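Fold and contact review
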Amino acid sequence: MAAPLRRRLRALAAALGGCGLLLGSALAAGDERLQAAVLPAVLPALRSLPPETAHGLALRAAACGLLPAARPDGPALEVRVLGRRFRNPLGLAAGFDKHGEAVDGLYKVGFGFVEVGTVTPEPQEGNPKPRVFRLLEDEAVINRYGFNSHGHAAVERRLRARQETQRKLTGAGMPLGVNLGKNKSSADAAADYVAGVQVLGPLADYLVVNVSSPNTPGLRDLQGKAELRDLLTKVLAERDTLPCKHKPAVLVKIAPDLTLQDKQDIASVVCELGVDGLIVSNTTVSRPQGLQSMRRLEPGGLSGKPLRELSTQTVREMYALTQGQVPIIGVGGVSSGRDALEKIRAGASLVQMYTALVYQGPLVVGAVKRELEELLREQGFKSVMEAVGADHRR
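What counts and how
- Residues numbered from 1 in each chain as written.
- Predicted model: local features only at pLDDT ≥ 70, side-chain atom pairs only at ≥ 80, totals over all residues.
- Heavy atoms only, no water.
- Helix = DSSP H or I, 4+ residues; strand = E, 2+ residues; numbered from the N terminus.
- Buried < 20%, exposed > 50% of the residue type's maximum accessible area, 1.4 Å probe, protein only.
- Contact = heavy atoms within 4.5 Å.
- Areas by Shrake-Rupley, 256 points an atom, 1.4 Å probe, with all protein chains shown as cover.
- Expected span 1.5 Å × (residues − 1).
- Arc of directions from axis to C-beta.
- Phe/Tyr/Trp six-rings, centres within 6.5 Å; stacked < 30°, edge-to-face > 60°.
- Core = buried A, V, L, I, M, F, W, Y, C linked by side-chain atoms within 4.5 Å.
- Pairing = 2+ DSSP bridges.
- Axes fitted to C-alpha atoms, helices over the stretch in contact; angles between N-to-C directions.
- pLDDT = per-residue confidence, 0-100.
- Salt bridge = Lys/Arg side-chain N within 4 Å of Asp/Glu carboxyl O.
- Parallel < 35°, antiparallel > 145°, perpendicular 65-115°, else oblique.
- Left-handed = near helix turned anticlockwise from the far one by under 90°.
- Nonpolar A, V, L, I, M, F, W, Y, C, P; charged D, E, K, R; others polar.
- Polar contact = N/O pair within 3.5 Å; in protein donor to acceptor, adjacent residues only side chain to side chain.

Right, let's get into the overall build of the protein chain. Looking only at helices and strands, the protein chain has 14 helices and 13 strands in total. Looking at the protein chain residue by residue over its 394 residues, the buried ones come to 56%. Taking contacts inside the protein chain between residues at least 6 apart in sequence as the whole, the part at least 24 apart equals 72%. Here the protein chain displays about 16,700 Å² of accessible surface, and carbon together with sulfur accounts for 54% of that area.

Structure representation (structure tokens):
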């Protein structure tokens, strides 16, 4: 290794070590003002690392319980949907904790629910690195992970070990979701999803049939009407046979890059089969005008602020097409309470975030909830549930 590179790495390690010491002191003190002062010094050090390396460090910090603890939620934020109580409507989207390694530490930050995955039946490496890129100027990320996964067995083992803990968390309004995918080499996609229901269904409050990642060849074809009906019929049948008292809800995660006919077909199938909900939306393969970063042409799915309007419009359309009868989790570009309420008014009962954590750190969770609560009061809503779909009632 060249001497200049060694020096840069040593300097980086020293910087991270110092930030780690500062962060540890702030967390030990339990002072939110101190944490707010220290975290901005830590985030630039993390962003100086390759994105996937920084993600791994953040995940380990969460697993070790090193992220700041949240304040209690107010009653206006409570949501009852999908047969469960959610202490607040803000969840962590799939992709952050792909392998179920840090669930408890992530609830501590203040999320109302956490979604693990995407999990494939067999372990797979995903696409070659580098496969995730920050678009700093746009507060966005492009990823082409390709369902890197430890596989069903490893994730089942981790979730089984904390099953009693999760039972208590669910009872306290913090449900767990598991996002299911297929192996790249699989010849039978439906069998992969059915296997996910069998292995991980008993450990989840809801399951997500992810047919919308742009990074697995042929996956988005499963959103076609006939293909989706066949797949969901098998998934729902398997869910109904699970030997557990509280069977998980089944949701479908869809892309934001669909035609109107695609959306109509998905709404028709979901309503026909009695699917429990939709997650709207996954990342986009489009590149909205105005992107500034040199990384904007990297292949993969775009997330973050540039996705916000497209995903919210898709929430609005799917709510209308399902006549408000199918619960929606809105995701894409949520980084403020205003963003969250925008999606709720468009028809989302719950919302999720991920990319905002990259740019604002874990304190963004509390900030979004506080602003959301203030906006609900300002706009005359007594609760989140009262605001769901409000734009359709004008």
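So much for the structure itself; the text now carries on.
In an α-helix, one turn spans 3.6 residues, which is why side chains three or four residues apart end up on the same side. In a regular helix each residue adds 1.5 Å, so 13 residues correspond to 18 Å; helix α3 (residues 51-63) covers 18 Å between its end C-alpha atoms and thus fits that length. Along α3, the residues classified as buried are Ala54, His55, Leu59, Ala61 and Ala62. The buried residues of α3 all sit within an arc of 160 degrees when viewed along its axis, so they share a single face.

In this section: the packing of aromatic side chains. As enumerated under the stated definition, the model contains three aromatic pairs in all. Ring geometry for Phe86 versus Phe113: centroids 5.3 Å apart, planes at 85 degrees, classification edge-to-face. Within this pair, whereas Phe86 is found in strand β2 (residues 84-86), its partner Phe113 is found in strand β4 (residues 113-119), the two being separated by 27 residues in sequence. Judged by relative accessible area, Phe86 falls into the buried class, the value being 1%. Through successive ring pairs, a cluster of aromatic residues spans Phe86, Phe113 and Tyr206.

A few words now on the nonpolar core. With 96 residues, the main nonpolar core has Tyr193, Leu278 and Met353 as its most contacted residues. Among the elements that take part in this core, helix α13 (residues 363-378) stands out by supplying six residues, more than any other. Residues in contact with Tyr193, not counting those within four places in the same chain, are Leu180, Gly181, Lys182, Val209, Asn210, Val211, Leu219, Leu222, Leu231 and Val235. Counting residues in hydrophobic clusters, the runner-up holds five residues, among them Ala140, Ile142, Leu291 and Leu302.

This part takes up the sheet that holds strand β5 (residues 132-135). Taken in spatial order, the three strands make up an open sheet running β5-β6-β11, and their pairing is antiparallel. The open sheet has two edge strands with one neighbour each: β5 and β11 (301-304). On average, each strand axis in the sheet is inclined to that of its neighbour by 25 degrees, with strand direction left out of account. Sheet topology note: the strand β6 (residues 140-143)/β11 ladder contains four bridges and is antiparallel. Across the sheet, residue Ala140 finds its bridge partner in β11, namely Gly304.

Here the focus is the sheet that holds strand β9 (residues 249-254). Read around the closed barrel, the eight strands follow the order β3-β4-β7-β8-β9-β10-β12-β13; overall the barrel is parallel. Pairwise comparison of adjacent strand axes, ignoring direction, gives a mean angle of 25 degrees for this sheet. As paired elements, β4 and strand β7 (residues 176-180) share five bridges and run parallel to each other. Looking at β7, one finds that Gly117 is bridged to Asn179.

Model confidence for the protein chain is summarised by a mean pLDDT of 90, while 89% of its residues fall at 70 or above. Per-residue pLDDT stays below 50 along residues 7-29; that stretch engages in 25 contacts with residues further than four places along the chain or on separate chains.

Attention now moves to the pattern of salt bridges. Taken as a whole, this structure holds 23 salt bridges when the rule is applied. Between Arg85 and Glu78 there is a salt bridge, with the nearest N and O atoms lying 3.3 Å from each other. Arg85 sits in the partly exposed class, given a relative accessible area of 23%. The salt bridge partner of Arg84 is Asp205, with a shortest N-O separation of 3.1 Å. On the criterion of sequence distance, the pair formed by Arg84 in strand β2 and Asp205 in the loop between α7 (189-200) and β8 (206-210) is long-range, its members being 121 residues apart. The network of salt bridges with common partners includes Arg308, Glu309, Asp339 and Glu342.

Moving on, we get to helix α11 (residues 337-346). Burial runs high along α11: eight of the 10 residues are buried. All of the buried residues along α11 are Gly337, Asp339, Ala340, Leu341, Lys343, Ile344, Arg345 and Ala346. Residues of α11 that are buried sit in contact with α10 (308-321), β12 (328-331), β13 (350-353), α13 and α14 (384-387). Just beyond α11, the residue with positive phi is Gly347, at close to 135 degrees.

We now examine the packing of α7 against helix α8 (residues 225-240). Their axes nearest at 9 Å, the elements α7 and α8 cross at an angle of 20 degrees. Classed by the angle they form, the pair α7 and α8 counts as roughly parallel. Judged by the twist between their axes, the crossing of α7 over α8 is right-handed. Taken together, the residues of α8 that come into contact with α7 (itself represented by Ala190, Tyr193, Val194, Val197 and Gln198) are Leu231, Lys234, Val235, Glu238 and Arg239. Looking at side-chain class alone, the contact of α7 with α8 contains six nonpolar, one polar and three charged residues.

This part covers the side chain of Ser303. Following the sequence through the fold, Ser303 ends up in strand β11. Residue classification places Ser303 among the buried residues on the basis of a relative accessible area of 13%. A distance of 2.7 Å separates polar atoms of two side chains, one belonging to Ser303 and the other to Thr355. What Ser303 contacts, discounting residues up to four positions off in sequence, is Ala140, Val141, Thr283 and Thr355.

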